[in-house]
Amino acid sequence: MATDRAPYPDGVSPPTRAAPDPLVSAKPPRQRPPRHLADLPLPERRAVVAGLGQPPFRASQLSRHFFGRYTDQPEEMSDLPRAGRDELARALLPRLLTAERELSCDGGTTRKTLWRTFDGALVESVLMRYPDRVTMCVSSQAGCGMACPFCATGQAGLTRNLSTAEIVAQVVAGARLLADGQVPGGPARVSNVVFMGMGEPLANYASVVAAVRRMTDPVPEGIGISQRSVTVSTVGLVPAIARLAAERLSVTLAVSLHAPDDELRDTLVPVNRRWKVAEVLGAAWDYAAATGRRVSVEYALIRDINDQAWRADALGALLAGRLAHVNLIPLNPTPGSKWTASRPSAQREFVRRLEGHGVPVTVRDTRGREIDGACGQLAASARS
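Criteria and thresholds
- Residues numbered from 1 in each chain as written.
- Predicted model: local features only at pLDDT ≥ 70, side-chain atom pairs only at ≥ 80, totals over all residues.
- Heavy atoms only, no water.
- Helix = DSSP H or I, 4+ residues; strand = E, 2+ residues; numbered from the N terminus.
- Buried < 20%, exposed > 50% of the residue type's maximum accessible area, 1.4 Å probe, protein only.
- Contact = heavy atoms within 4.5 Å.
- Areas by Shrake-Rupley, 256 points an atom, 1.4 Å probe, with all protein chains shown as cover.
- Salt bridge = Lys/Arg side-chain N within 4 Å of Asp/Glu carboxyl O.
- 1 Å grid on protein atoms, 1.4 Å probe; cavity = no way out; pocket = protein on both sides within 12 Å on 5 of 7 lines; lining within 4 Å.
- Points joined across faces, edges and corners; volume = space filled by probe spheres on them.
- Nonpolar A, V, L, I, M, F, W, Y, C, P; charged D, E, K, R; others polar.
- Core = buried A, V, L, I, M, F, W, Y, C linked by side-chain atoms within 4.5 Å.
- Pairing = 2+ DSSP bridges.
- Axes fitted to C-alpha atoms, helices over the stretch in contact; angles between N-to-C directions.
- Patch = residues over 30% accessible without salt bridge, like charges linked within 9 Å, V, L, I, M, F, W, Y side chains within 5 Å.
- Lys, Arg positive; Asp, Glu negative; His and termini not counted.
- Charge placed at Lys NZ, Arg CZ, Asp CG, Glu CD.
- Parallel < 35°, antiparallel > 145°, perpendicular 65-115°, else oblique.
- Left-handed = near helix turned anticlockwise from the far one by under 90°.

1. Some thoughts on the overall build of the protein chain
Turning to step 1, where the next piece is worked out: Scanning the protein chain from terminus to terminus reveals 12 helices and 12 strands.
Turning to step 2, where the next piece is worked out: For the protein chain, the proportion of its 384 residues judged to be buried stands at 56%.
Turning to step 3, where the next piece is worked out: A separation of at least 24 residues holds for 68% of the contacts in the protein chain among residues at least 6 apart in sequence.
Turning to step 4, where the next piece is worked out: Here the protein chain has roughly 16100 Å² of accessible surface; of this, 49% comes from carbon and sulfur atoms.

Laid out in structure tokens, this is it:
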């Protein structure tokens, strides 16, 4: 291979440690998160309420408060009998997440929250308000087992999977901020959700799919966000992508590719040693065919590592003519890391090369750099 096409530029070493096994479930917490109504479909909520000796329709009332009014405080539920409110809240609305730290930037329209779970695990969510939408970036795991070396969460390792309700609660918390007028810009609702926070969503498959359904089912079953406004990201767990396609959901699949060639991707995304680029993209194209949804290809631009012009051409050749869009991400480096963002000139050339192949491409808005906006950075600073 020619020197300018070396897979490991600038002294990046080939992988030496074993690839993570993404199909091995995370260890469950010693004690499961408390049962919450967001964990249950509405018929099961009704059964719980009936078991407490109350009319089953109280489950719908309770659900409307949580999913429609974004509250879990019994004193705010005036349509419920005072005598039974506290018992219902204890049974179906336990507090799952406690805000450990909150940071904001962009005039208050970007807000990052570090949450502590019932067992002390740390997870993050980010609310980003734009002129035409409000996006919540949510975590699906506490930590991550994929071991990508440029990612703060990947380097911290995996603590455990989040429950369905712990995932949904992040979105409800963001919706509550908007409803309470704590985000500048006037009244608004959460319109978009991206599973791009901490964790590999498809490694916590059951909870993530249930959370998607809870977010997108109408009130009182869920929050009522459009499925087409939800994006589920993955590093490329091929069997899980196929399983997701069979769900016939209308969510966008985002594939965190980061390199078009197996040699480099084996290092940047270690699970590539199990499922190679061709297999990952093949599963993505099958997903697009099954759902009619365009695949988002995520590509973090890392200076002198994966931003060479020839890699842009290689990526363009892989994606040309496909139902795909490239989302280039200027790397938000972690403190002390050797990985950093590409030079502006390299970024512009990368875009130009992709467009030359007829591949749609955008460069992600780099919000949140001043508040440890990248996945896992705030949690890492809290642990240090």
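Having put the structure on the table, let's press on.
2. Brief notes about the pattern of salt bridges
Turning to step 1, where the next piece is worked out: This structure, assessed with the given rule, holds 14 salt bridges.
Turning to step 2, where the next piece is worked out: Residues Arg-160 and Asp-119 are paired through a salt bridge, measuring 2.8 Å at the closest nitrogen-oxygen approach. On the criterion of sequence distance, the pair formed by Arg-160 in strand E6 (residues 158–161) and Asp-119 in the loop between strand E2 (110–117) and strand E3 (122–130) is long-range, its members being 41 residues apart.
Turning to step 3, where the next piece is worked out: We classify Arg-160 as buried; its relative accessible area is 2%.
Turning to step 4, where the next piece is worked out: Given the relative accessible area of 36%, Asp-119 is considered partly exposed.
Turning to step 5, where the next piece is worked out: A salt bridge links Asp-313 to Arg-353; its shortest N-O distance comes to 2.5 Å. Here Asp-313, found in helix H10 (residues 309–319), pairs with Arg-353, found in helix H11 (residues 344–356); they are 40 residues apart in sequence, far enough to count as distant.
Turning to step 6, where the next piece is worked out: Residue classification places Asp-313 among the partly exposed positions, given a relative accessible area of 26%.
Turning to step 7, where the next piece is worked out: Put simply, Asp-313, Glu-349, Arg-352 and Arg-353 are held in one network by salt bridges that share partners.

3. Topic: empty space enclosed by the protein
Turning to step 1, where the next piece is worked out: In total, this model carries 1 cavity of 30 Å³ or more according to the counting rule given.
Turning to step 2, where the next piece is worked out: Every residue along the wall of the largest cavity is listed here: Tyr-70, Val-171, Ala-175, Arg-189, Val-190, Ile-223 and Ile-225.
Turning to step 3, where the next piece is worked out: Taken together, the residues of the lining of the largest cavity sort by class into 6 nonpolar, no polar and 1 charged.

4. Brief notes about the side chain of Thr-231
Turning to step 1, where the next piece is worked out: Here Thr-231 is to be found in strand E8 (residues 230–234).
Turning to step 2, where the next piece is worked out: On the accessibility criterion, Thr-231 (13% relative accessible area) is buried.

5. Describing the nonpolar core
Turning to step 1, where the next piece is worked out: Val-193, Phe-195, Leu-237, Leu-268, Val-326 and Leu-328 are the most contacted members of the largest nonpolar core, which has 107 residues in total.
Turning to step 2, where the next piece is worked out: Here this core gets 10 residues from one element, more than from any other, and that element is helix H5 (residues 164–179).
Turning to step 3, where the next piece is worked out: The residues contacting Leu-328, other than those within four sequence positions of it, are Tyr-299, Leu-301, Phe-350, Val-351, Leu-354, Val-361, Thr-362, Val-363 and Arg-364.
Turning to step 4, where the next piece is worked out: Judged by nonpolar contacts, the second largest core, of 5 residues, contains Val-126, Met-128, Cys-137 and Val-194.

6. Observations regarding the sheet that holds strand E4 (residues 133–137)
Turning to step 1, where the next piece is worked out: Taken together, the 10 strands give an open sheet; going across it, the order is E1-E2-E3-E4-E7-E8-E9-E10-E11-E12, and neighbouring strands pair in mixed fashion. Looking at strand neighbours, the two that pair on one side only are strand E1 (97–105) and strand E12 (361–363), the edges of this open sheet. Between one strand and the next, the sheet's axes are offset by a mean angle of 20°, whatever the strand orientation.
Turning to step 2, where the next piece is worked out: As paired elements, strand E10 (residues 295–301) and strand E11 (residues 324–330) share 7 bridges and run parallel to each other.

7. A short note on the side chain of Asn-161
Turning to step 1, where the next piece is worked out: By secondary structure assignment, the location of Asn-161 is in strand E6.
Turning to step 2, where the next piece is worked out: Using a relative accessible area of 18% as the deciding quantity, one classes Asn-161 as buried.

8. A closer look at the environment of Gln-170
Turning to step 1, where the next piece is worked out: Along the chain, Gln-170 falls in helix H5.
Turning to step 2, where the next piece is worked out: Take Gln-170: its relative accessible area is 0%, and that puts it in the buried class.
Turning to step 3, where the next piece is worked out: For the pair Gln-170 and Leu-127, spaced 43 residues apart in sequence, the C-alpha to C-alpha distance is 9.5 Å.

9. Quick notes on a negative patch on the surface
Turning to step 1, where the next piece is worked out: On the surface, a cluster of negative charge is contributed by Glu-75, Glu-76, Asp-86 and Asp-180.
Turning to step 2, where the next piece is worked out: Note that Glu-76 resides in the loop between helix H2 (58–68) and helix H3 (82–92).
Turning to step 3, where the next piece is worked out: Judged by relative accessible area, Glu-76 falls into the partly exposed class, the value being 47%.

10. Focus: the packing of H10 against H11
Turning to step 1, where the next piece is worked out: Axis separation between H10 and H11 bottoms out at 8 Å; the angle between their running directions is 30°. Relative to H11, the element H10 lies roughly parallel. You can see that H10 and H11 cross each other, and the crossing is right-handed. Along its contact with H10, which presents Ala-309, Arg-311, Ala-312, Asp-313, Leu-315 and Gly-316, the element H11 presents Glu-349, Phe-350, Arg-353 and Leu-354.
Turning to step 2, where the next piece is worked out: Split into classes, the residues belonging to the contact of H10 with H11 amount to 5 nonpolar, 1 polar and 4 charged.

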